[in-house]
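So you can see what is in the structure, the chains are spelled out below.
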Amino acid sequence: MQPWKNYWRINPGLTILMSSVLIILVMIDRWIEYEYTLIPQEKMRQEIAFRGSTTRMWQTVSDLMLADNRVATETYLTSYSSDFGFESVALILNRQILLSNKFAQRGDNAKDISCYHSTWVNQATSGLKPIIEAHPLRSNQICAVIPIALKERTASLRPESLAVLVVQYDMTPGIMSLKQQIWRPEQLLRYLGFALIAAFLITLIMRRFVINPLQNIRLRMQEYGSGDMLARVQLEGSCELVDVANNFNKLAEQVNASDAKIRESEDRWVKALDAAGDGVWDWDLKNGIVFFSNQWKLILGYQDDEVGDSIDEWTSRVHPDDLPHAQESIKKHIDGVTDVYRSTYRMRCKDGRYKWFFDRGMVFERSPSGEALRLTGVHSDISEQKQVEEALKNSQQQFELAMLGSNDGLWDWRLADNSVYYSPRWKMMLGYHDDELENDFSIWEKLVHPDDLNKAKEELALCITGKKDLYEVEFRLLHKAQHWVSVLSRAIVVKDTDNHVSRIVGTHMDLTEIRAMQKELEESRQQLKKMAFYDVLTGLPNRRLLEDCMNDLLVHNRRAGNILAVAMMDLDGFKQVNDTYGHDVGDELLKSVSERLTLSMRAEDTIARLGGDEFVLLFTGLLKPESVLEGLERVVHTIGQPYFIDGNECRVTASIGVAFFPQDGETGDTLLRYADLAMYRSKQAGRNQFSIYEAYMSDFDSDHSD
């Protein structure tokens with residue numbers, strides 16, 4: 001009986017929290033109704049009443065003024081002083097207030113009344129009908145401009161003249177009265193009582209059907225993690241939490257089975273030196289020789305003659321992150337700190353993949369002084385166990401997150417009656433409230449991106465027909481704000497007793513942030529790649545990328561039987577520009593030189609900056625060496641034109657040396673060295689020119705080096 005009572009034990013903090021949330025939601029709903037429904041209705045009601053009042057006012061004042069009864073007119077206007085809504089009622093002629101419901105305004109200028117606008121006055125007097133408009137500056141006020149015919153008191157040919165009656169009406173008093181009615185204390189108390197009762201009931205239900213089962217799952221996980229390998233979750237029913245508990249139990253069984261295999265392997269270790277069931281190793285510490293059994297090598301994908309007998313065969317293959325810990329474990333056992341050596345680490349196989357190994361061993365021979373002489377042991381491939389442990393770890397993390405609340409949207413499709421349920425979170429991911437989307441399959445079809453719909457429905461069809469037990473598809477859904485949301489939809493298939501699919505239950509995970517992070521990572525990767533292979537200042541390929549490009553071009557031209565021209569270019573006078581105008585101007589000059597080189601050379605050619613004022617130009621696909629001369633002349637001429645940078649005229653020239661593949665050399669280093677010798681020849685010959693490498697230049701270089 002006591003456990004049942006525990007199920008219904010109330011958490012006061014949760015009840016208070018839910019009560020507060022409900023009160024806030026009710027108050028927000030009431031405020032929205034007040035702000036967007038009741039106030040507009042009240043304004044409309046007052047505007048209709050105001051229009052009726054202005055019509056009556058127009059008739060009454062017109063009749064009194066045509067009868068020249070100003071006293072009665074003033075009495076009539078003054079009667080509106082008691083109505084707080086009528087802020088100002090004034091009869092105006094020629095911009096002067098004749099009569100008003102406020103005695104202080106008589107004789108004042110009409111500009112003191114904010115509703116007096118010349119545009120409205122002209123419309124009213126020309127059309128001989130009232131003009132009613134909203135106040136241009138005050139949202140809760142209405143203005144009326146009414147034409148009034150006056151009887152002239154002087155003898156003239158015109159017995160009548162036109163004045164205007166300006167009425168300024170304030171709806172604020174009526175709105176404030178409505179506000180007092182809406183927010184009465186007794187209503188607030190009623191809302192509070194409703195929220196407390198509702199929160200109490202919701203807390204009971206959540207405690208019974210959600211919190212207690214989740215606590216049960218968490219406790220069993222903690223027991224399992226503490227070493228109780230028999231810990232299992234016992235839940236009854238058919239809800240999602242029962243599926244979670246069953247998955248945990250299955251994973252625990254798999255881990256136990258893997259542990260049992262490892263223990264069996266340890267039992268066979270005594271006979272491993274003869275049987276070699278696992279990988280066996282024997283380390284002669286005195287001579288530094290290690291014996292690796294054939295099985296040890298086969299596990300890593302090697303044949304017997306592909307692995308030597310030094311300890312480097314082991315250290316070179318252990319993952320760099322795991323090697324220090326493994327070596328420390330061996331050292332502790334050799335020093336006598338531990339009775340047995342045990343370590344878990346990753347090793348690189350022949351195909352480049354890493355496998356997990358459980359390695360254990362023991363010192364079987366020591367010198368009289370206690371120095372370890374021989375260490376023997378075996379290692380076992382535990383990659384599958386690691387995968388199971390990783391899966392269990394991920395599952396446990398998911399359960400812990402579920403206790404805090406999931407951000408995934410839930411959907412449940414019952415095929416028997418074709419009913420579909422979308423959770424409030426499912427709809428909220430798309431910007432909708434719970435009551436804004438119907439629980440209907442057609443809603444999903446309308447929201448899925450047209451390009452993704454066929455794929456999503458095909459996967460559903462495979463699940464419905466029983467060909468697949470798991471549904472996992474990524475597609476896009478249309479948000480209420482008319483943008484696409486990427487989601488990962490995953491579901492399980494539930495079958496009835498006849499093994500027919502009766503239900504598909506799944507979740508939607510919002511991938512928007514994940515896609516954004518992937519985009520940022522890709523941009524960062526591209527930026528790092530650019531920094532690694534391109535010159536930061538000019539954006540040209542750097543020395544590293546130049547080597548790759550040159551190797552590719554050498555292979556390409558060798559196959560095609562074409563000539564590759566490698567030109568080394570140095571700027572004459574660049575140091576003087578740097579010293580005279582500063583490094584900032586020098587940097588801008590290098591950028592300008594790079595731009596001119598790009599415009600001067602063909603699209604298939606390559607330009608690279610080695611550093612400082614040194615550039616390399618690669619002319620590819622030449623049929624004969626003479627084909628490059630025109631391009632070199634164009635470069636020399638273009639570079640030699642003046643540069644105007646920050647108001648300074650700068651001049652530099654280009655000294656270029658060129659060597660050809662395959663005539664002068666067949667490697668990139670050789671061609672660059674010969675091109676550099678030819679460029680040095682251009683410097684000596686007066687600069688601002690190019691020179692073609694000749695064999696005697698190498699002799700000069702040797703003499704110069706000596």
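Residues numbered from 1 in each chain as written. Predicted model: local features only at pLDDT ≥ 70, side-chain atom pairs only at ≥ 80, totals over all residues. Heavy atoms only, no water.

A. Expanded view of the packing of helix α18 (residues 574–581) against helix α19 (residues 583–600). Closest axis-to-axis distance for the α18/α19 pair is 7 Å, and the angle between their directions is 140°. Taken together, the axes of α18 and α19 lie oblique to each other. The segment α18 lies against α19, with Phe 574, Val 577, Asn 578 and Tyr 581 engaging His 583, Val 585, Gly 586, Leu 589 and Leu 590. (Axes fitted to C-alpha atoms, helices over the stretch in contact; angles between N-to-C directions. Helix = DSSP H or I, 4+ residues; strand = E, 2+ residues; numbered from the N terminus. Parallel < 35°, antiparallel > 145°, perpendicular 65-115°, else oblique. Contact = heavy atoms within 4.5 Å.)

B. Inspection of the nonpolar core at higher detail. Grouped together as the largest cluster of nonpolar side chains are 32 residues, with contacts concentrated most on Met 569, Val 593, Leu 597, Phe 619 and Ile 639. Put simply, the parts of the chain that give this core at least two residues each are β16 (563–572), α18, α19, β18 (614–622), α20 (629–639), β19 (643–645) and β21 (653–661). Met 569 has contacts with Val 593, Leu 597, Asp 613, Glu 614, Phe 615, Val 635, Ile 639, Ala 654, Ser 655 and Ile 656, leaving out every residue within four places of it along the chain. (Core = buried A, V, L, I, M, F, W, Y, C linked by side-chain atoms within 4.5 Å. Buried < 20%, exposed > 50% of the residue type's maximum accessible area, 1.4 Å probe, protein only.)

C. Representation of the sheet that holds strand β22 (residues 689–692) within the structure. Spatial ordering of the open sheet is given by β17-β18-β16-β21-β22, a layout of 5 strands whose pairing is mixed. The open sheet terminates on both sides in strands that have one partner only, identified here as β17 (606–611) and β22. Strand after strand, the sheet turns through a mean of 20° between neighbouring axes, direction not considered. Against the sheet, helix α21 (residues 668–684) contacts β16, β18, β21 and β22, and its axis sits at roughly 145° relative to β21. (Pairing = 2+ DSSP bridges.)

D. Seen up close, the state of the cysteines. Within the structure shown, the criterion is met by 1 disulfide. The disulfide that involves Cys 115 links it to Cys 143, with 1.8 Å between the sulfurs. Residues Cys 115 and Cys 143 share a disulfide whose torsion about the S-S bond is about -60°; that sign makes it left-handed. In this pair, Cys 115 sits in the loop between β2 (96–100) and α4 (118–127) while Cys 143 sits in strand β4 (residues 141–151), placing the two residues 28 residues apart along the sequence. For the pair shown, Cys 115 and Cys 143 are each scored as buried. (Disulfide = S-S within 2.5 Å.)

E. Up close: the packing of aromatic side chains. Under the counting rule described, the total for this entry stands at 14 aromatic pairs. Plain terms: the ring middles of Phe 292 and Trp 296 are 4.2 Å apart, the flat faces sit at 35° to each other, and that makes the pair tilted. Taken as a pair, Phe 292 and Trp 296 share a single burial class, namely buried. Consider the rings of Tyr 422 and Trp 426, whose centres lie 4.2 Å apart with planes at 20°: the pair is stacked. (Phe/Tyr/Trp six-rings, centres within 6.5 Å; stacked < 30°, edge-to-face > 60°.)

F. Here's a closer look at a negative patch on the surface. Among the surface-exposed residues, Glu 547, Asp 548, Asp 552 and Asp 669 lie close enough to one another that they form a single negatively charged patch. Considering each element in turn, the negative patch owes the most residues, 3 residues, to helix α17 (residues 543–560). Topologically, Asp 548 is positioned in helix α17. Note on Asp 548: relative accessible area 37%, which makes it partly exposed. (Patch = residues over 30% accessible without salt bridge, like charges linked within 9 Å, V, L, I, M, F, W, Y side chains within 5 Å. Areas by Shrake-Rupley, 256 points an atom, 1.4 Å probe, with all protein chains shown as cover. Salt bridge = Lys/Arg side-chain N within 4 Å of Asp/Glu carboxyl O. Lys, Arg positive; Asp, Glu negative; His and termini not counted. Charge placed at Lys NZ, Arg CZ, Asp CG, Glu CD.)

G. Inspection of the packing of α19 against α20 at higher detail. Between α19 and α20, the least distance of the axes is 10 Å, while the angle of their chain directions is 150°. One element, α19, and the other, α20, form an angle in the roughly antiparallel class. As α19 runs across α20, the sense of the crossing is right-handed. Within the contact between the two elements, α19 uses Val 593, Arg 596, Leu 597 and Ser 600 and α20 uses Arg 634, Val 635, Thr 638 and Ile 639. A breakdown of the residues in the contact of α19 with α20 according to their chemical character gives 4 nonpolar, 2 polar and 2 charged. (Left-handed = near helix turned anticlockwise from the far one by under 90°. Nonpolar A, V, L, I, M, F, W, Y, C, P; charged D, E, K, R; others polar.)

H. Fine view of a nonpolar patch on the surface. Together, Ile 24, Ile 28, Trp 31, Ile 32 and Tyr 36 make up a nonpolar patch on the protein surface, roughly 520 Å² of accessible area in all. Within the fold, Ile 32 resides in helix α2 (residues 12–66).

I. Structural context of the pairing of β18. Along β18, 7 of the 9 residues are buried, which leaves the element largely enclosed by surrounding structure. As defined by bridge partners, β17 adjoins β18 across 5 bridges and the pair is classed as antiparallel. When the sheet's bridge partners are listed, Gly 611 is paired in β18 with Glu 614. The turn joining β17 and β18, which pair antiparallel and follow one another in sequence, is formed by 2 residues; a positive phi near 60° is taken by Gly 612.

J. Fine view of the environment of Ile 330. Its location among the elements puts Ile 330 in helix α11 (residues 323–334). With 45 residues separating them in the primary sequence, Ile 330 and Leu 375 have C-alpha atoms 9.3 Å apart. Ignoring sequence-local partners within four residues, the contact set of Ile 330 consists of Trp 283, Trp 314, Tyr 341 and Leu 375.

K. Geometry of the sheet that holds strand β11 (residues 409–414). Read from one edge of the open sheet, 5 strands run β12-β11-β15-β14-β13, paired in antiparallel fashion. Unpaired on one side and paired on the other, β12 (419–422) and β13 (470–478) mark the two borders of the sheet. For this sheet, the mean inter-axis angle between neighbouring strands, taken without regard to orientation, is 20°. The sheet contact formed by strand β14 (residues 484–495) and strand β15 (residues 501–510) spans 9 bridges and is antiparallel. The residue bridging Ser 489 from the neighbouring strand is His 508, located in β15. Across the sheet, helix α15 (residues 450–464) lies against β11, β13, β14 and β15, angled at about 155° from β13, the strand it touches most.

L. Up close: helix α3 (residues 70–78). Listing the buried residues of α3 in full gives Thr 73, Glu 74, Tyr 76 and Leu 77. The buried residues of α3 occupy an angular sector of 160° when the element is viewed end-on, so they sit on one face. Opposite its buried face, α3 presents the exposed residues Val 71 and Thr 75, each directed more than 90 degrees away. (Arc of directions from axis to C-beta.)

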